[in-house]
Amino acid sequence: MAAESTAISRCTVLSRWLLLAVSLTVACGGNPATTVTGPPPPLPRQLDPLRKVIADRGLKIGIGTAIGSLFNNTTDPAAGQYMTVLTREFNVITPENDMKFGPLRPAQNQFRFVRADSMVAFAAANGMKVRGHTLVWHQQLASWLTGGSWTTDQVKALLDEHITTVVSHYKGQLSAWDVVNEAFDDDGGARTASFWYSKIGSGYVEQAFKTARAADPDTPLFYNDYNIEGMNAKSDAVYAMLADFKARGVPVDGIGVQMHLIAGALPPLASIQQNFARLAGLGLKIHITELDVRMNLPATQEMLATQAQNYRDVFNICLQQSACEMVVMWGFTDRSSWVPGTFPGQGDALIFDSSFQPKPAYTAINNLLAGK
Ligand code: XIL
C-alpha cells in the first residue's frame, strides 16, 4: 500500500514537471485499468453505495448483478476488489453460468452444485437475494444430452428429472427461478432450433413450469427473454403465452426482461412502460434480469454520458412500476462482461470500469435512487 502511494505521488510530481501527463500517467500505473491490488477506489465523497441508498430511503426495488468468473477467484489479482465492490453495492445476485444445465450437469448422473452452492451461501451471509438462472435454455447444454439419441418420452423424463433435482436442491433459498429462457425467436415465433423444442415440441415450456412448481411451491417462477422490453412482435408473443398460462392456471409468477441494450438506441421509453403495464396487468412480477448498455469501442465521453442517461431511464421505469421488483445487471465491472466476446468491437457496457472506478452510469443511478 505504502509503496503504491509513493509510486503514484512520484508519478504525479514527474508528470507535472515534465508535462507528459498522459503518457506518464499510463506508464506509472495511473491508468485505472492496471490497478487491481489493494482496496478498490473509493466512491466520490457525496455517494453512498447503491444498496445502502436503497435501504436508507426504504425503496422497494432490489439492485443486483450477475456473478461469474471473478467470484471467489483465487488466482486473478482483481478478485479481491471484485468481491469488495460486489458486497458493498448489491443486494441481489444471479449466478452468470453456474446453474445452467451444462456447467451444473457434466454427466447424466453427475450434478456439480459446489460453485452455485457457494454463491447461494455467500448471498445468505451478505443479506442478498438470489435469482436462479436458468433451468431450461437452448444454450450451454451438456454434450451428453444434445449428442444423445433420445425418444420424446425420454427427453420429457430428463427435463422433469433435471428440474425436480435442481429446484429441490435450492428449495426455499431463491427469490426467483428463470424456469425457461429465450423460447421465442425475434419474429415472435417459437424458437424451433432449440433442443427442447425439437424433441418435445412447444409443450416443453408448460411442462417445465408445472414441474418446477411441484418441486418448490413457494419460489416465484419466471419466464425470461431478450428484446421484449418494448412493444414488438416478440413481446406480443410472450405476452400471449403468459396470458394463456394465467388463464389456464399454468404456474408462472413473473417475467424476466433481460435488457441487453445499446447506448443511445433504446426502444422508446413509453413503449417499455406500456409493455410493463400490460404484463403487470396479468398479475406478473417484473424483474429486469440482465441489464447492460453496450457501445462501440473506444468509448467516448459523449457515449458514456448517453449510457448514464440510459441506465437512469431504465431504473426510473422500474421505480415507477409497482410490479417491478428489481434491476439486475449482467455484471458490474467492464473487467468481466460477456459483451466484448459476444459483440465484437463493442463493450464498456457496465457501471464500473475495468479497475472498479464508478462510471457516469453509476453516478446517474445513485443520484436517481437517492432522489437527486
Ligand atoms: C452468458 C454469459 O454471460 C456468458 O459467460 C456465457 O458464455 C454465455 O451466456 N442471455 C442469458 C444469459 O440469459 O444466460 C447469457 O449469459 C447472456 C444472454
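Residues numbered from 1 in each chain as written. Predicted model: local features only at pLDDT ≥ 70, side-chain atom pairs only at ≥ 80, totals over all residues. Heavy atoms only, no water.

> Account for the nonpolar core, with residues named and values stated.
Counting 105 residues, the largest nonpolar core has Leu-86, Trp-196, Leu-291 and Phe-315 as the members making the most contacts within it. With seven residues, helix α13 (residues 301-320) is the largest single contributor of residues to this core. Not counting chain neighbours up to four residues away, the residues in contact with Phe-315 comprise Ile-61, Ile-63, Leu-291, Val-327, Met-329, Ile-365, Leu-368 and Leu-369. (Core = buried A, V, L, I, M, F, W, Y, C linked by side-chain atoms within 4.5 Å. Buried < 20%, exposed > 50% of the residue type's maximum accessible area, 1.4 Å probe, protein only. Helix = DSSP H or I, 4+ residues; strand = E, 2+ residues; numbered from the N terminus. Contact = heavy atoms within 4.5 Å.)

> Pulling in residues and values, what's your account of the confidence of the model for the protein?
This prediction gives the protein a mean pLDDT of 92; 91% of its residues lie at or above 70. In the model, residues 1-33 has pLDDT below 50 throughout and makes 21 contacts with residues more than four positions away in sequence or in other chains. (pLDDT = per-residue confidence, 0-100.)

> Account for the environment of Val-92, with residues named and values stated.
Among the structural elements, Val-92 can be located in strand β2 (residues 92-95). A residue is classified by how much of its surface remains accessible, and Val-92, at 1% relative accessible area, is buried. Measuring from C-alpha to C-alpha, the distance between Val-92 and Gly-64 comes to 4.1 Å, with 28 residues separating the pair along the chain. Ignoring sequence-local partners within four residues, the contact set of Val-92 consists of Gly-62, Ile-63, Gly-64, Thr-65, Met-128, Lys-129, Arg-131, Met-326 and Val-328.

> Now, about the site of the ligand: what can you tell me, with residues and values included?
Near the ligand there are 13 residues, and of these Glu-96, Lys-100, His-133, Glu-290 and Trp-330 occur at the shortest range. Side-chain polar atom of Lys-100 to an oxygen atom of the ligand: 2.7 Å apart, as the coordinates give it. Here a nitrogen atom of the ligand and a side-chain polar atom of Glu-182 are 3.2 Å apart. Taking 420 Å² as the accessible area of the ligand by itself, protein coverage stands at 80%. Of the residues in the shell around the ligand, the class split is three nonpolar, six polar and four charged. (Near = heavy atom within 4 Å. Polar contact = N/O pair within 3.5 Å; in protein donor to acceptor, adjacent residues only side chain to side chain. Areas by Shrake-Rupley, 256 points an atom, 1.4 Å probe, with all protein chains shown as cover. Nonpolar A, V, L, I, M, F, W, Y, C, P; charged D, E, K, R; others polar.)

> Tell me about the state of the cysteines, and name the residues and values.
Note on terminology: disulfide describes a covalent bond linking the sulfur atoms of two cysteines. Enumeration over the complete set of coordinates arrives at one disulfide. A sulfur-sulfur distance of 2.0 Å marks the disulfide that ties Cys-318 to Cys-324. Measuring handedness by torsion sign, the sulfur bridge of Cys-318 and Cys-324 sits at about -100 degrees and is left-handed. Neither Cys-318 nor Cys-324 differs from the other in exposure class; each is buried. (Disulfide = S-S within 2.5 Å.)

> Which residues make up the pairing of β2, and what values do they have?
Of the two faces of β2, both are covered, the one formed by Val-92 and Thr-94 as well as the one formed by Ile-93 and Pro-95. Examined bridge by bridge, strand β1 (residues 62-67) and β2 share four bridges and lie parallel to one another. What sits directly across from Ile-67, in β2, is Pro-95. Viewed along the sheet, the connection from β1 through helix α4 (residues 79-89) into β2 turns out right-handed. Relative to strand β3 (residues 129-136), β2 is paired through two bridges, and the arrangement is parallel. Residue pairing across strands places Ile-93 opposite Val-130, the latter belonging to β3. (Pairing = 2+ DSSP bridges. Right-handed = clockwise from strand over helix to strand, strands pointing away.)

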